[in-house]
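Chain and residue survey
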Amino acid sequence: MATSRAYMEFILDQLPEGCRARSMMGEYLVYYRDKVAANLCDDRLLVKPVPAALELLDPPVWAVPYEGAREMLLVENVEDRDFLARLMDAIYPQLPPPKPKKKRSPA
């Protein structure tokens, strides 16, 4: 089951400024200040399991976004904007930097 556009828009409305979503094969990647912070899969918000997320999401609820993927942390409290802002701000420094874009070779 793919994530609905309505759910994606709801989540983006709940998340702090600086978040955006990018469609990826029926699901969405969530970027926070240009770093990949979360996935939207099957109408669920899943964040990367960095130490700050583990601390704030206590006890952690683990979920797999899709078959073959690494486990991520399920965010169940998606209605609490203040909590989501704290979560994104806390995990941001622990997220890996964006991968450099590949340069196109001249044709």
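Placed above this text is the structure.
Residues numbered from 1 in each chain as written. Predicted model: local features only at pLDDT ≥ 70, side-chain atom pairs only at ≥ 80, totals over all residues. Heavy atoms only, no water.

From N to C terminus, the protein chain includes 3 helices and 6 strands. For the protein chain, the succession of helices and strands along the chain, N to C, is α-β-β-β-β-α-β-β-α. Radius of gyration (C-alpha) of the protein chain: 14 Å, near the 13 Å computed for a compact globule of 107 residues. With the C-alpha coordinates of the protein chain rotated into their principal frame, the extents come out at 50 × 30 × 30 Å. When the 107 residues of the protein chain are sorted by exposure, 37% land in the buried category. Partitioning the intrachain contacts of the protein chain with sequence separation of at least 6 by distance along the chain shows that 51% fall at a separation of at least 24. Of the accessible surface of the protein chain, which amounts to about 7100 Å², a share of 52% is contributed by carbon and sulfur atoms. Distance between charge centres in the protein chain, computed from 15 positive and 16 negative side chains, equals 14 Å. (Helix = DSSP H or I, 4+ residues; strand = E, 2+ residues; numbered from the N terminus. Rg over C-alpha atoms; globule rule 2.2 N^0.38 Å. Buried < 20%, exposed > 50% of the residue type's maximum accessible area, 1.4 Å probe, protein only. Contact = heavy atoms within 4.5 Å. Areas by Shrake-Rupley, 256 points an atom, 1.4 Å probe, with all protein chains shown as cover. Lys, Arg positive; Asp, Glu negative; His and termini not counted. Charge placed at Lys NZ, Arg CZ, Asp CG, Glu CD.)

Within this structure, the stated rule accounts for 5 salt bridges. Between Asp-34 and Arg-20 there is a salt bridge, with its nearest N and O atoms 3.4 Å apart. With Asp-34 in the loop between β2 (27-32) and β3 (35-41) and Arg-20 in strand β1 (residues 19-24), this pair connects stretches of sequence that are 14 residues apart. The partly exposed category is assigned to Asp-34, whose relative accessible area is 46%. Here Asp-89 ties to Arg-33 by a salt bridge, and the two come within 3.2 Å at their closest N and O atoms. Taken together, the residues span a long stretch of sequence, with Asp-89 in helix α3 (residues 81-91) and Arg-33 in the loop between β2 and β3 at a distance of 56 residues. (Salt bridge = Lys/Arg side-chain N within 4 Å of Asp/Glu carboxyl O.)

Another point: unusual backbone geometry. Residue Pro-59 follows Asp-58 across a cis peptide bond; omega there is 5°. You can see Pro-59 is positioned in the loop between α2 (51-56) and β5 (62-63). At Asp-42, a residue that is not glycine, the phi angle is positive and equals roughly 50°.

Don't take any of this as a statement about function, it's just geometry.
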